[in-house]
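# Summary of structural features
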Amino acid sequence: MKSQLRVLATTVGLFCAATGFAQTAAPVTKASAPVNTSAAPATKTPAAPMAKTGATPAAKTAAPTTAAAGGGDGKVWVNTKSKTYHCEGTKFYGKTKVGEYMTEADAKAKGNHADHGKACAK
């Protein structure tokens, strides 16, 4: 029984280490008094969540603050990587890392789709 518990503790420890969870060792104590099993069951208290260690998830990168030159005149900004186009005045208009300006008709003809399915107002 002791060896099975040791194997289980080692397995859990390796899992926690591999997934980045902190592991604190609980002190091993021997029971000084026999356990009373005839008494009413003790209420369980929820265990505190284990603290996660390691690197924090990468923060979302913000869009560049200035738009690429050449927009306006009813053109849309096409993100050539995601094949999504953004209308003039929207958050990502001219601000994605890769893209180009073109008319909305040209964008649709080349297989691009509107951001969140919203066509531009004319």
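Within each chain, residues carry numbers counting from 1 in the order of the written sequence. Given that the model is predicted, a residue must reach a pLDDT of at least 70 before its local features are reported, and side-chain atom pairs must reach 80 or more before they are shown or counted; all residues, however, enter totals for whole chains, interfaces and linings. Heavy atoms throughout the structure, all of them, feed into the side-chain values; hydrogens and water do not.

Here we take up the overall build of the chain. Runs of H or I in DSSP of at least four residues are treated as helices and runs of E of at least two as strands, each being numbered from the N terminus. Scanning the chain from N- to C-terminus turns up two helices and four strands. Secondary structure elements of the chain, listed N to C terminal, follow the sequence α-β-β-β-α-β. When each of the 122 residues of the chain is scored for burial, the buried share is 17%. Here the contacts in the chain between residues at least 6 apart in sequence split such that 53% fall between residues at least 24 apart. Working definition of accessibility: Shrake-Rupley area with a 1.4 Å probe, residue cover restricted to the visible protein chains. Looking at the chain as shown, the accessible area adds up to about 10,200 Å², and 61% of this sits on carbon and sulfur atoms. Here's how the labels work: a residue is buried when its accessible area is under 20% of the maximum for its type, exposed when over 50%, partly exposed in between, all with a 1.4 Å probe on protein chains only. Should any heavy atoms of two residues lie within 4.5 Å, those residues are counted as being in contact.

Note on terminology: disulfide describes a covalent bond linking the sulfur atoms of two cysteines. Only a pair of cysteine sulfur atoms within 2.5 Å counts as a disulfide in this structure description. Per the stated rule, a full pass over the model turns up one disulfide. Linked covalently through their sulfurs, Cys87 and Cys120 form a disulfide whose S-S length is 1.8 Å. The chirality of the disulfide connecting Cys87 with Cys120 is left-handed, given an S-S dihedral of about -95 degrees. In this pair, Cys87 is assigned in the loop between β2 (84–86) and β3 (100–103) and Cys120 in the segment after β4 (113–114), connecting sequence segments 33 residues apart. The same class applies to Cys87 and to Cys120, which are both buried.

Below, the discussion takes up the nonpolar core. Only buried Ala, Val, Leu, Ile, Met, Phe, Trp, Tyr and Cys residues count toward a nonpolar core, and they belong to the same one when joined by side-chain atoms within 4.5 Å. In this structure, Val76, Val78, Tyr85, Cys87, Met102, Ala107, Ala114 and Cys120 together form the largest nonpolar core, which totals eight residues. Beyond its immediate sequence surroundings of up to four residues, Cys120 is in contact with Val76, Tyr85, Cys87 and Glu104.

Now for the packing of aromatic side chains. Side-chain rings of Phe, Tyr and Trp (the six-membered ring for Trp) are treated as a pair once their centres are within 6.5 Å; stacked means planes under 30 degrees apart, edge-to-face means over 60, and tilted covers the remaining angles. For the structure on display, the rule yields two aromatic pairs. For the ring pair Trp77 and Tyr101, a centre distance of 4.7 Å and an interplane angle of 65 degrees mean the geometry is edge-to-face. Of this pair, Trp77 sits in strand β1 (residues 75–79) while Tyr101 sits in strand β3, and the two are 24 residues apart along the sequence. For the pair Trp77 and Tyr101, a shared accessibility class is recorded, and that class is buried. By the ring-pair criterion, three or more aromatic residues cluster together here, those being Trp77, Tyr93 and Tyr101.

This brings us to the pattern of salt bridges. Salt bridges are defined by distance alone: a side-chain nitrogen of Lys or Arg within 4 Å of a carboxyl oxygen of Asp or Glu. In the structure shown here, the tally under the stated rule is one salt bridge. With a shortest N-O distance of 3.9 Å, Glu104 and Lys108 are connected by a salt bridge. With Glu104 and Lys108 both in helix α2 (residues 104–109) and four residues apart, this pair spans about one turn of that helix. For Lys108, a relative accessible area of 49% corresponds to the partly exposed category.

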